[in-house]
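Results of the structural survey
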Amino acid sequence: MLSLPSSISYQQQPGMLKTLMIDNQFATAEIALFGAHMLSFIPKHVQRERLYVSDSSIRDGKRAIRGGVPICWPWFGGLNEGYQMHGYARERVWELISATEKDDCTELVLSLADTIGEGFFGKATVSVAICVGKTLSMSLTTTNVGDDAFEFSTALHTYFAVDDINRVELVGMTGDYTDKVNDWAIGTTPVPYRFPERTDRIHFNPAKYLTIVEGDNTVNIESAGHDSIIVWNPGAELSKSMTDMSDDSYLKMLCVETGVTQGKKLAVGEIHTMSLIVD
Ligand SMILES: O=P(O)(O)OC[C@H]1O[C@@H](O)[C@H](O)[C@@H](O)[C@@H]1O
């Protein structure tokens, strides 16, 4: 087994998923091997949990975890009838490839050993490098190792923790979006951008810098290698109907997702990296 720096330990309580706990001078964090799924990030200088995970999330290792940072791959959203929403990578166990103590963070690299699955015809490797420091950085790398080009889509589907969605504003987004709540109609980003009701939008503007503002609590999001930003809050009604969310979950989270939703073609040997920094 890989030898781990002292800031990282494995944790597995009975009936729970195996996770990696990180505790260094900058932050604490938790990552499930199932899905290479970030579950927690608490920077020590602010002492606030940045990620929302539902208390009712089903953690049986069969279904995706509700909250944290699901990795959607090799597709984002629904593919065709019968296919797993957001791809199958978030429902497979990833392998820890390396763990390194750096000056400004603890870096872990996880990789998905088996990337083959129904609905995806490419031959690819996929790995995620996660740096837990004063900021959380995640870089998802897809490589075409086959003999043919393929197309894929992806997202780092971050659930940010908020105290009350009614007080939240997303700053930095401009331009048009397509609205899942309204039969994919095109809309224009409101100013200020607030969330009084169910929101489910793919923004075509791949904003590099966004900020979630809630009173004096601000979270900066820096994205790269993406073609869109997805913004999702289920609102009261959907929150109530979801088995893995409690009735008022919608008040406590806002998904701001860094994504490639328009389909990215990768040539033979080509590498694509998409990344996210949470500050
Ligand atoms: O329930 P899932 O598969 O985790 O998806 C949650 C949400 O993820 C968002 O990215 C989508 O835009 C929403 O439509 C979807 O409901």
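Residues numbered from 1 in each chain as written. Predicted model: local features only at pLDDT ≥ 70, side-chain atom pairs only at ≥ 80, totals over all residues. Heavy atoms only, no water.

Looking now at the UniProt feature "active site" (unreviewed entry) in the protein chain. Here, the residues flagged by UniProt with the feature "active site" (unreviewed entry) are His157 and Glu257. Spatially, the listed residues are clustered: although they cover 101 residues, their C-alpha atoms lie within 4.5 Å of one another. Not counting the four nearest positions on each side in its chain, His157 is found in contact with Gly68, Val69, Pro70, Cys72, His86, Trp232, Cys255 and Glu257. On the basis of relative accessibility, which here comes to 1%, the residue Glu257 falls in the buried class. (UniProt positions renumbered as here; feature names shortened; annotations may be inferred. Contact = heavy atoms within 4.5 Å. Buried < 20%, exposed > 50% of the residue type's maximum accessible area, 1.4 Å probe, protein only.)

Taking strand neighbours across the sheet as the criterion, the eight strands line up as E6-E7-E8-E9-E20-E17-E16-E12 in an open arrangement whose pairing is antiparallel. With one partner strand each, in any of the chains shown, strand E6 (95–101) and strand E12 (169–171) form the two edges of the open sheet. Within the sheet, the average angular offset between the axes of one strand and its neighbour, ignoring direction, is 15°. Both strand E9 (residues 136–144) and strand E20 (residues 271–278) contribute to a ladder of eight bridges, which runs antiparallel. Across the sheet, residue Met138 finds its bridge partner in E20, namely Leu276. (Pairing = 2+ DSSP bridges. Helix = DSSP H or I, 4+ residues; strand = E, 2+ residues; numbered from the N terminus. Axes fitted to C-alpha atoms, helices over the stretch in contact; angles between N-to-C directions.)

The next point concerns the site of the ligand. In the vicinity of the ligand, the contacting residues are Arg66, Phe76, Met85, His86, Arg90, His157, Lys180, Asp200, Ile230, Trp232 and Glu257. Take Lys180: an N or O atom from its side chain is 2.7 Å from an oxygen atom of the ligand. Asp200 places a side-chain nitrogen or oxygen 2.5 Å from an oxygen atom of the ligand. Relative to its unbound accessible area of 390 Å², the ligand is 86% covered by the protein chains. (Near = heavy atom within 4 Å. Polar contact = N/O pair within 3.5 Å; in protein donor to acceptor, adjacent residues only side chain to side chain. Areas by Shrake-Rupley, 256 points an atom, 1.4 Å probe, with all protein chains shown as cover.)

Right, let's talk about the pairing of strand E13 (residues 176–179) for a bit. Relative to strand E14 (residues 185–188), E13 runs antiparallel, the two sharing four bridges. Looking at E14, one finds that Thr178 is bridged to Ile186. Turn length for the E13-E14 hairpin, with the two strands adjacent in sequence and antiparallel, is five residues, and the turn residue Asp183 shows positive phi of about 55°.

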